[in-house]
Amino acid sequence: MAENEYVIEMLHITKVFPGIIANDDITLQLKKGEIHALLGENGAGKSTLMSVLFGLYQPEEGIIKKNGEVVKIDSPNDATALHIGMVHQHFKLVDVFTVLDNIILGAEDTKMGFLQKKAARKKVQELSEKYGLYVDLDAKVENITVGMQQRTEILKMLYRDNEILIFDEPTAVLTPQEIDELMAIMKNLAAEGKSILFISHKLNEIMAVADRVTVLRKGKYIGTVNTKDTNKQELSNMMVVRPVQLQVVKDEAKPGDVVLRLENFTVPSEVHKGNAVKNVSFDVRRGEIVCIAGIDGNGQTEFIHGLSGLSKSSGKIELCGEDISGYSIKKRGKNMSHIPEDRHKHGLILDFTLEENMVLQRFRESPFQKGGFIDRAEVRKYADRLIETYDVRSGQGPITLARSMSGGNQQKAIIARELDRNKDLVVAVQPTRGLDVGAIEFIHSQLVQERDEGKAILLVSLELDEVLSLSDRILVMYEGEIVGEFLSKDVTAQELGLYMSGAKRMDETEMEKVEEAELKAAKENTEGGSKDA
Amino acid sequence: MPKTDKNGLLKQEKQSSKTLLASLISIFIGLIVGAIVVWVVGAVTPEITAKGTSDGIKLILFGLFNTGRNASGALTFGFNAVNIGNMLFRATPIILTGLSVAIANQTGLFNIGAPGQYLIGTCVSLYLALSIPSDKVHPVLIWLIAFVAAMAAGALWGAIPGALKAFLNMNEVIACIMCNWIAANVVTWIFDESNLKNTTEGTKTAYIYKTTYNNVATGKMGLDKIFPGSQVNGGFFIAVLFCIIMWVIMSKTTFGYQLKACGSNRHAAKYAGIADKRNIVLSMAIAGALSSAAGALYYLAGNTEFFWSTYQSLPAAGFTGIAVALLAVNNPLGVIFSGSFMSMLTVCGTQLTYMTPFNEYITDVIIAVIVYISAFSLIIKMLLNKRKEKQYDKRDGGELITPEKAQDEPAEAAGKEA
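Residues numbered from 1 in each chain as written. Chains lettered and ligands numbered in written order. Predicted model: local features only at pLDDT ≥ 70, side-chain atom pairs only at ≥ 80, totals over all residues.

A. Broad picture of the overall build of chain A. The helix and strand inventory of chain A stands at 18 helices and 24 strands. Relative to its length of 533 residues, chain A is compact, with a C-alpha radius of gyration of 25 Å against a globular reference of 24 Å. Based on the C-alpha atoms only, the size of chain A along its principal axes is roughly 75 × 50 × 50 Å. The buried share of chain A, taken over its 533 residues, is 46%. Long-range pairs, those at least 24 residues apart, make up 68% of the contacts in chain A between residues at least 6 apart in sequence. (Helix = DSSP H or I, 4+ residues; strand = E, 2+ residues; numbered from the N terminus. Rg over C-alpha atoms; globule rule 2.2 N^0.38 Å. Buried ≥ 20, exposed ≤ 12 C-beta atoms within 10 Å, placed from the backbone. Contact = placed C-beta atoms within 7 Å.)

B. View of the pairing of strand 10 (residues 195-200) of chain A. Residue and element names in this part refer to chain A. Most of strand 10 is tucked away, with 6 of its 6 residues classed as buried. Burial of strand 10 is two-sided: the residues S195, L197 and I199 facing one way and the residues I196, F198 and S200 facing the other way are all buried. Of the pairings in the sheet, the one linking strand 9 (residues 164-168) to strand 10 comprises 5 bridges and is parallel in character. By the bridge assignment, D168 is partnered in strand 10 with I199. (Pairing = 2+ DSSP bridges.)

C. Summary view of the pairing of strand 22 (residues 456-461) of chain A. Residue and element names in this part refer to chain A. For strand 22, the tally of buried residues reaches 6 of 6 residues, placing the bulk of the element in the interior. Alternating positions in strand 22 separate into two faces, A456, L458 and V460 on one and I457, L459 and S461 on the other, with burial throughout. Pairing between strand 15 (residues 289-293) and strand 22: 5 bridges, direction parallel. Bridged to A293 within strand 22 is S461. Two elements, strand 21 (residues 425-429) and strand 22, share 5 bridges in a ladder whose sense is parallel. Looking at the pairing, V426 lines up with I457 of strand 22. Taken together, strand 21, helix 15 (residues 437-452) and strand 22 constitute a β-α-β crossover, and its handedness is right-handed. (Right-handed = clockwise from strand over helix to strand, strands pointing away.)

D. Representation of the packing of helix 5 (residues 139-168) of chain B against helix 11 (residues 276-299) of chain B within the structure. All names here are of chain B. Running from N to C, helix 5 and helix 11 cross one another at 145°; their axes reach a closest spacing of 6 Å. Judged by the sense of rotation from one axis to the other, the crossing of helix 5 with helix 11 is right-handed. Here the residues of the contact of helix 5 with helix 11 are counted per class, giving 20 nonpolar, 8 polar and 2 charged. (Axes fitted to C-alpha atoms, helices over the stretch in contact; angles between N-to-C directions. Left-handed = near helix turned anticlockwise from the far one by under 90°. Nonpolar A, V, L, I, M, F, W, Y, C, P; charged D, E, K, R; others polar.)

E. View of the packing of helix 4 (residues 117-131) of chain A against helix 5 (residues 146-159) of chain A. Residues and elements named next belong to chain A. For the pair helix 4 and helix 5, the least separation of the axes is 10 Å and the interaxial angle reads 115°. Classified by the angle their axes make, helix 4 and helix 5 are roughly perpendicular. The handedness of the crossing between helix 4 and helix 5 is right-handed. In contact with K123, V124, L127, S128 and Y131 of helix 4, helix 5 contributes L155, L158 and Y159. (Parallel < 35°, antiparallel > 145°, perpendicular 65-115°, else oblique.)

Listed below in structure tokens is the structure:
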């Protein structure tokens, strides 16, 4: 019994890349039927360790045992033969194939060279019922939701009779509801005797679903604990070097004049023919963080693209008293900085150096431009200053290629660039997506600081934690409309969830009430301000 | 970590010297393969003696410096002004088409329309150079008008696929290929209808007059003194000047920064308020103007004749430009050398035909091999970069990677994985 307690044991694994020890003597023991979380910051070595288990890397030292016997895993094929399956963070599905085709791909039954799908369909249906994994077997992957794609990936593992399931940051792409569903599915799988390895840096999820947690930090093994014997603060302390404050430290907002005013703002959808944002009207004032909350795909992306000028919109946009609705992106940028949702698509030019990215909007301005030429020395000076102020870490400083930087530092670089432009309105879309706790804390404190300096911050976030802890006022967007307005101190996550899912909506008088409360605060502040002056 | 400044610069130099090395290796392998081809052809052809074969190999490698044969029949080598002059003359158009392709590549566009733009440049420059009467207008002025008009026409011609790409999101490669054939047919038609056909030399069909017929020719700018007896003229200086100007624009100015930004990531450029559509049209227009300048310089030389019945073939100078740009890794200054090298091979080929029983097409084999190898090294580099990206996505481990190793580590890891 003692010998078979663990299905998988990775003992003293060391994996060295030239110049860096990604895994330094790490031991991970997975019990049968448990959900075992692997926790660590970005770059802690979680993915490397899982890649070793999945046969993508060969470790320099250490052994892997399955059911007490030493095994050698040289390739993902070996891993599959040992019934180890992995759901990658970015799904490996063929978009134009149906769900069923994707599930059986690579493990097809054939008779005389012809596919035998009937049996496969039956088996998949059984699995899907047994574990509550609802999928539409005949839908094409390109047409189904991310959550269903993930269930397809899980079914793919189950179809191959995998016993050990690896989930690499499975919740990063899901909406809050889908996350809950996934948690339930994982528990279900574990109850059926499957053993699950769950890579994450989200403490809430780990506490909710995992039995045990192994923590890695900078490639080293820190420890393994039972979740019921620990708490979030302790885990967080194990994960990062210094204890991290999970709450955003900020004073009460002191809203001032209106910076951004939207009236009947409408933006066409980027996926279908209708409008994604419908007749939205609201104000954002100096000294407050207003957050647009909502489930992904309710018009937030279009809203931001319409506001920043990336796509066409109708209605009135008044920024600092000026109607900018007909302006180009460049002209809108006069009083607006924008931290974009997709840092690789919009935020950075990955093949440019860090310093070139730092002046992406400002290269025409003095002193970076002299007579049509770029003053490299000035650009370097400016980049050096931003790098130091915002602690952007990279291999070679200002001349590092943006592509070679870590996600967190790429984001910091964008934040540095946007905040340093010192505009009255800061639009931040998902500013902390995919980042570790340290980076999140940093970015939040920067945004709060901007607010305290009298900027208006418009935040778009899908993470309820962030919405509640960072913002002063919350607008819930559902199917392209604002269905609720709250002061964040007066609302709970549960309440917001009801509005976000469309179960409840406010009428205009209720929203006006919230606005009045806001206005009252604003008035007091401006009066207080004039008294001071 | 601003302190890595110095190391960083060294690193960049190292990177570019690596690129140079890759190009030199491709050239070296190409020449070796060429020599092997000569050897094999020599071995299987009974008429060719062992001496003939060894002469062939010598000419492939050092043909540029061949000065004929001495009394005993052995090849002699030394400074050959005619060969070098001709090399520079033939390099002029391919340096410019190479520059055209390189600039487009730097801005993320593949200008396979260089042959068509080259033809448009040829057509406009010749038409003007031959039809403006030189007894009324000074020939130098005619030359200038013809040259500038050719570039303007090329810019417009190049802007067509650019505009199709920018506004209708049509692939520039397809649009360029269509434009090539339209150009080939339009040019044939224009000259067929014109009265510029060479009728004084009855044996020639489908040629038009040389520009000297109208007293127009590119100035020699002293090069005829250095390389007497060759075809070289000041056009080479103009090509080099254009390369330098483009290098300055691309690497030093805000305009070049915008073009490159649009080329590397159109979305990010747009987000930053750069007019992405305008820049795509502009970079294709620049590429078109450069390719047209290539055609104009070659045919305004005065000693070249244009075979106008082009409707079923496209000028090789346009396609060679792709090879020149590839070998120069899209560096505007690099194309001066890669273009000169390519034309040196052509000169070597001519020597091979004159001096040995081999024919000049062997140099085409060499060029093909070089292009293959350099394309291959480019592909390998691209693959490595892709891998690198994947690795970073996977581990996202910026903090852990030490500065010195940050560059090499993922590539090595990828190598191991393979």
